[in-house]
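Inside the fold
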Amino acid sequence: MSTAQPHVPDVSIEDRLYTVKYRDAGESHLGVKNPDVCVDCTTNECMQVCPAAVWTVEEDSDGVPSIAYENCLECGTCRFGCPYDNVEWEYPKTGGGVVFKQG
Amino acid sequence: MSANGTESGALQLPKLQSETPNYNDTYDAIIVGAGLAGTAAALTMAREGLDVLMLERGPAPGTKNVFGGVLYTPTIRELVDIDSAPMERYIAEKRFSMLTSNGDETAVSMRPGAWRDEPHNDSYTVLRRRFDEWFAKQAVEAGATLITETTVTGLIRDGHKIVGVETDRPDGEIRAPVVVLAEGANSLVSEGADLKDRPEREEVAVSVKEVFKLDRETIDDRFHLDGDAGAAYHYFGDGAVGEAVGGGFVYTNKRSVSVGVAYRIEDAAHGQTPEATLNAFESHPAVAPLIRGGRRIEYSAHVIPEGGAKAMPDLVHDGAVVVGDAAGLVLNNGVHLEGTNMAVESGYHAGKAIVAALADDRSDEAALAAYPRDLEDSFVVQNLRHYDWFQRTIADDRQFLFEDLPRALADAETEYFKMDRSSKDEHTDAARDRLLDAAGGWFGAAKRAWRFRRMLS
Ligand SMILES: Cc1cc2nc3c(=O)[nH]c(=O)nc-3n(C[C@H](O)[C@H](O)[C@H](O)COP(=O)(O)OP(=O)(O)OC[C@H]3O[C@@H](n4cnc5c(N)ncnc54)[C@H](O)[C@@H]3O)c2cc1C
Ligand code: SF4
Ligand code: SF4
């Protein structure tokens, strides 16, 4: 039973996203279908499941998430993650969005 | 040696201009997505003399694609000469490892001598950015047309029959007798056209992955490898993915190491976020030394369908077929994570069925029925059916499999090998008690063994 964890440098989501190449499509390919559903939603599961910190629900907001679409990895997780099927999800226009160099 | 990693140059591609040329009825088939399944279908049809058009939303094939990953090549080998493919390493070692959140590791490793010989059990690490572009290039050389930066936004119907696609290009409608939906796990076109339902959240996994740059020699030393040999490490237990159902992985590329976790979106939605899960996995004492000093060169994520055979949609429609991840063809059960071979196999069978149907001047559902029939007879559907029970069983037994058992194993090892002044007999008894406790006594152990017997059969 070990206790000492080996040292791993702290890494933030910004550090991680910095390694990703994007071509900005200029407009969001993500949205919510019905904002009222988000207002009533208390679990914000879109935010929980997203690996790229795209979805945030500010403390003082009405509960509708703000969407940093430029960070999106196009993984699709939020499409399934929202329990009310309230995520509007399209592909970015004409080849825009994430460009993986490794994959 | 097959893994020589030629740099694939930029493709010379016809581009759709803003004044879209009229492609209508120029092509026998339109393929949505130049991933593994789409390219396999395109290759199969182009080789038989059909005019096929591949539409890919990314700036080049592979730019949107993420996997673990080990590419399984038994069918690709039949379609192309893989000696010139940009492989990273062949798999010389598979390792399965149980991690607890206390830092324990219990591992089983296998290095069959046969894997060192060609064709290396048809298992190679690759990076999708390079491999997919190379693979699509083989289809273009066989006569297929590839157009990139073009997203298919919908299907065109004539009555019941699918007769073409809409794209996001100006005047971007293109008609053809057959459409192949090879759009991967986020199958927006198939769902939008009611060819399938959106999978349930319980049947989809989220995966996050990072690639760490390391010297070739460092990788060889850390993983005990030489030449083009590589390693595939799979991890389970609450030290790998916490409370979730899923696992972690570490794969060696030539000069980098791919590290990631994959588990049910259900678990992420209940608060176990992908980033935190990846952080915990990367800092586990069994994993951290493998990536120490490596520079992060890419963070990525993707969903994985894991609904198995029961979640498979209808594979044929009048004028269309669904292949690869779009059809949910992935086997993800812990011991196996296979989708690449299934994608290619399905693209191949679909391609053959389309060739035969078009030879009779038909493209209706009945004329394309050879595709689901052949797939049903292939390893793809057989393997999916064989493991259908598994997802259910592990979800029921999660606590035992991923928490109690790994911890009991670690405790039992500690007891068994304990250096103190009591006898080995006492150590053995103590170790056995630990394991039996976890399994619920002899009766519980027998019941569990019976339930999981099919895992290895
Ligand atoms: C993290 C992770 C690890 C994995 N590890 C392994 C592994 O180790 N071994 C293994 O065998 N399998 C693994 N898999 C599964 C495997 O990657 C997939 O099964 C396989 O890639 C499926 O191939 P595909 O061609 O069906 O789909 P994809 O490879 O996803 O290709 C779909 C293509 O279609 C394009 N596209 C999508 N929509 C459109 C549209 N509307 N218009 C135009 N183009 C479009 C995409 O850009 C993409 O190029 C893993 C998957 C993940 C996510
Ligand atoms: S998108 Fe879904 S999960 Fe997110 S806040 Fe709205 S309703 Fe809730
Ligand atoms: S697709 Fe993935 S990265 Fe993009 S917003 Fe949804 S969960 Fe986040």
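None of these values were measured; they are calculated from a predicted model. (Residues numbered from 1 in each chain as written. Chains lettered and ligands numbered in written order. Predicted model: local features only at pLDDT ≥ 70, side-chain atom pairs only at ≥ 80, totals over all residues. Heavy atoms only, no water.)

**Comments concerning the overall build of chain B**
Helix and strand counts for chain B come out as 16 helices and 20 strands. Taken against the 2.2 N^0.38 rule, which gives 23 Å for 457 residues, the C-alpha radius of gyration of chain B at 24 Å falls within 12% of a compact globule. Reported as C-alpha extents along the three principal axes, the dimensions of chain B are approximately 85 × 45 × 40 Å. Looking at chain B as a whole, 63% of its 457 residues are labelled buried. (Helix = DSSP H or I, 4+ residues; strand = E, 2+ residues; numbered from the N terminus. Rg over C-alpha atoms; globule rule 2.2 N^0.38 Å. Buried < 20%, exposed > 50% of the residue type's maximum accessible area, 1.4 Å probe, protein only.)

**Some thoughts on the site of ligand 2**
All names here are of chain A. Taken together, the residues surrounding ligand 2 are Val 37, Cys 38, Cys 41, Asn 44, Glu 45, Cys 46, Pro 65, Cys 82, Pro 83, Tyr 84 and Val 87. Breaking the shell around ligand 2 down by element, the ones donating at least two residues are helix H2 (35-40) and helix H3 (45-49). Taken together, the residues of the shell around ligand 2 break down into nine nonpolar, one polar and one charged. (Near = heavy atom within 4 Å. Nonpolar A, V, L, I, M, F, W, Y, C, P; charged D, E, K, R; others polar.)

**Focus on the side chain of B:His427**
Residues and elements named next belong to chain B. Relative to the helices and strands, His 427 resides in helix H15 (residues 424-439). A residue is classified by how much of its surface remains accessible, and His 427, at 3% relative accessible area, is buried. In terms of polar contacts, His 427 uses its side chain to reach the backbone carbonyl oxygen of Lys 418, at 3.5 Å. When sequence neighbours within four positions are dropped, the list of residues in contact with His 427 reads Glu 415, Tyr 416, Lys 418, Asp 420 and Ser 422. (Polar contact = N/O pair within 3.5 Å; in protein donor to acceptor, adjacent residues only side chain to side chain. Contact = heavy atoms within 4.5 Å.)

**Re the interface of chain A and chain B**
Interface size, as often reported, equals the accessible area lost upon joining of the parts. Facing the 43 residues of chain A at the interface are 54 residues of chain B. Across the chain A to chain B interface the summed buried area is about 4400 Å²; carbon plus sulfur atoms make up 53%. Broken down residue by residue, the surface that chain A buries against chain B is led by A:Arg16, A:Phe80 and A:Gln102, which jointly contribute 19%. Remark: the boundary between chain A and chain B carries nine salt bridges. Listing elements by their share of the side of chain A that touches chain B, those giving two or more residues are helix H1 (13-18), H3, helix H4 (77-81) and strand E6 (97-99) of chain A. It is H4(A) that contributes the most residues to the side of chain A that touches chain B, four residues altogether. Its residues assigned to classes, the side of chain A that touches chain B comprises 20 nonpolar, 14 polar and nine charged. (Buried area = accessible area lost by both parts, 1.4 Å probe. Salt bridge = Lys/Arg side-chain N within 4 Å of Asp/Glu carboxyl O.)

**Side note on the packing of helix H10 (residues 340-359) of chain B against helix H11 (residues 370-377) of chain B**
All names here are of chain B. With their axes 8 Å apart at the nearest point, H10 and H11 run at an angle of 145° to one another. With respect to the hand of their crossing, H10 and H11 are arranged in right-handed fashion. On H11, the residues that touch Glu 345, Ser 346, His 349, Ala 350 and Ala 353 of H10 are Ala 370, Tyr 371, Asp 374 and Leu 375. Grouping the amino acids of the contact of H10 with H11 by side-chain chemistry returns five nonpolar, two polar and two charged. (Axes fitted to C-alpha atoms, helices over the stretch in contact; angles between N-to-C directions. Left-handed = near helix turned anticlockwise from the far one by under 90°.)

Just geometry here; none of it tells us what the structure is for.
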